[in-house]
Amino acid sequence: MLGNDDWWRDAVVYQVYPRSFADSDGDGVGDLEGVRGRLPYLARLGVDAIWLSPFYTSPMADGGYDVADYRDVDPMFGSLGDFDALVADTHEAGIRVIVDLVPNHSSDRHPWFQAGLRDRYIFRDRPNDWESIFGGPAWTQVEDGQWYLHLFAPEQPDLNWENPEVRAEFRDILRFWLDRGVDGFRIDVAHGMVKAAGLPDVGAKDGRQAEMLGGEQVPYFDQDGVHAIYREWRPILDSYPGGRMAVAEAWVSSPERLARYIGPDELHQAFNFDFMLADFHAKSFRTVIEKSLKEAETVGAPTTWVLSNHDRPRHVTRHGGLARARAATLLMLALPGSAYLYNGEELGLPEVLDLPDDLRQDPAFLRRGDSRDGCRVPIPWTGSGGMGWTDPWLPIPASWAALSAQAQEDDPGSTLNLYRAALRMRKEHPALGGGTLTWLDSPEDVLAIERDPGLVVVVNTGEEPVLPGVTGEVLLSSGPLPRDGSVPPDTTVWLQRSTVG
Ligand code: NOJ
């Protein structure tokens, strides 16, 4: 199973947010041993790879996206030995491992910042008008009057990628994890490392210069110079056997700009956030799908699809209910390319909207009232007894007992079993995974897609039931189907087209 260099092209990658996934030692925070213990669950789910959000040494000012030591595991998550054991066992289970790399900024507790090595960061005598993505100015003043740049929290100083020592350090960090056997990297803020020369003012101070996952053109994002970094990294990835890959988290203004990160001399993939931002409507989905496929084609790489992650409200809540979320998922999993799942979406978890303010930990909440904590609530494993957690770092809603993995295990209609069936079929059906798609005629509120050979996907985003327009056997549906052969509202079906018809 491992050994195909192009594995990532149609892979289903499951994002593990380590502190919320599974806790092996009862301290209320998930850890690497917890992930290892859940490998049978992940293998049964049928994912091809896991992507681990940061587990490195970190004071956790931004959930671990503030790294103090890029070559070690935070004691909260375990040890390097635990990491090695996790990689070995994950590979043994036929699943690959992608780790998160955070090159735009370190933690302010990083030894370089602590030692006052200012040329490795961006210090100036006077700040410009740039704003932090988390709110407020992007500059903080130190005792001697200078200011340093932090596009995120003050505890996350931006690194100076003009400095060759910074570049050399990250080449070495890549090798450190590749040597430990990782199959790829998810590059955090991949569009941010190079800033426009002279750090020009944006000229707008409305408190929302740039949004997380937004596509605003600002002098601190998507500068051409960033591509030289990826051209340095690619030969390193290619020098290791087995298809080591990198996927960019890049918020840019258009699919054309996104495509520039991808190619044989840069990164393998980039997240396609447009699909995550699309409304639950046939037209909105179709526009994004067509654009994404067109751009991906120009660079010869398959696109990626994602509906949820640790930065956005879960798609059950965003799209307006579980039925729609399941329908959107079956659409996503039928599209050509690779799909990224976020832990807990296979249980149909909604966003938690009523966390008490004093428990919220997202730095964005403290600075401007936005909170990503509601999608980071720990995963309910069991239907009783704390749901598999002792004093979890965020409280799990009591109603989630019915959504626990245990409660869904044997229920054939559960969301967990829908995901399992879809992933199994993705592996077995020759039409799914890579390839192309054909649009079939359909009413305005309906998407009808054919994947060769003979798999027809019908998504009804309207308010009335519709007839699928083709005859065939139902392979899978996101919700119950009536006997008259129609597809109800908020439902997706996968049909095997009859040979005549
Ligand atoms: C993107 C990550 O997904 C997010 O969680 C983090 O806050 C920022 N990058 C800063 O590292």
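Residues numbered from 1 in each chain as written. Predicted model: local features only at pLDDT ≥ 70, side-chain atom pairs only at ≥ 80, totals over all residues. Heavy atoms only, no water.

The protein goes by Glycoside hydrolase family 13 protein in an unreviewed UniProt entry, where it is assigned to Nonomuraea diastatica.

### Comments concerning the sheet that holds strand E13 (residues 338-342)
Spatial ordering of the open sheet is given by E11-E10-E9-E5-E2-E1-E13-E12, a layout of eight strands whose pairing is parallel. Each having just a single partner strand, strand E11 (269-270) and strand E12 (304-306) make up the two edges of the open sheet. (Pairing = 2+ DSSP bridges. Helix = DSSP H or I, 4+ residues; strand = E, 2+ residues; numbered from the N terminus.)

### Details of helix H12 (residues 322-334)
With 13 residues, H12 should reach 18 Å at 1.5 Å per residue; the first-to-last C-alpha distance of 18 Å fits that figure. Looking at H12, one finds that the buried residues are Ala325, Arg326, Ala327, Ala328, Thr329, Leu330, Leu331, Met332, Leu333 and Ala334. (Expected span 1.5 Å × (residues − 1). Buried < 20%, exposed > 50% of the residue type's maximum accessible area, 1.4 Å probe, protein only.)

### Quick word on the site of the ligand
Taken together, 14 residues lie near the ligand, and Asp62, Asp188, His310, Asp311 and Arg372 sit nearest. Taking Asp62, its side chain carries an N or O atom lying 2.6 Å from an oxygen atom of the ligand. When the ligand sits alone it has 300 Å² of accessible area, and the protein chains cover 100% of it. Applying the majority rule of atoms within 2 Å of the grid points places the ligand in the largest cavity. Within the shell around the ligand, the residues separate by chemical class into five nonpolar, two polar and seven charged. (Near = heavy atom within 4 Å. Polar contact = N/O pair within 3.5 Å; in protein donor to acceptor, adjacent residues only side chain to side chain. Areas by Shrake-Rupley, 256 points an atom, 1.4 Å probe, with all protein chains shown as cover. 1 Å grid on protein atoms, 1.4 Å probe; cavity = no way out; pocket = protein on both sides within 12 Å on 5 of 7 lines; lining within 4 Å. Sits in = over half its atoms within 2 Å of the grid points. Nonpolar A, V, L, I, M, F, W, Y, C, P; charged D, E, K, R; others polar.)

### Some words on the packing of H12 against helix H15 (residues 415-428)
Contact geometry of H12 with H15 gives a least axis separation of 11 Å together with a crossing angle of 10 degrees. Judged by the angle between their axes, H12 and H15 are roughly parallel. Of the residues in H15, those in contact with Leu322, Arg326, Thr329, Leu330, Met332 and Leu333 of H12 are Thr415, Leu418, Tyr419, Ala422, Leu423 and Arg426. A class-by-class count of the residues in the contact of H12 with H15 yields eight nonpolar, two polar and two charged. (Axes fitted to C-alpha atoms, helices over the stretch in contact; angles between N-to-C directions. Parallel < 35°, antiparallel > 145°, perpendicular 65-115°, else oblique. Contact = heavy atoms within 4.5 Å.)

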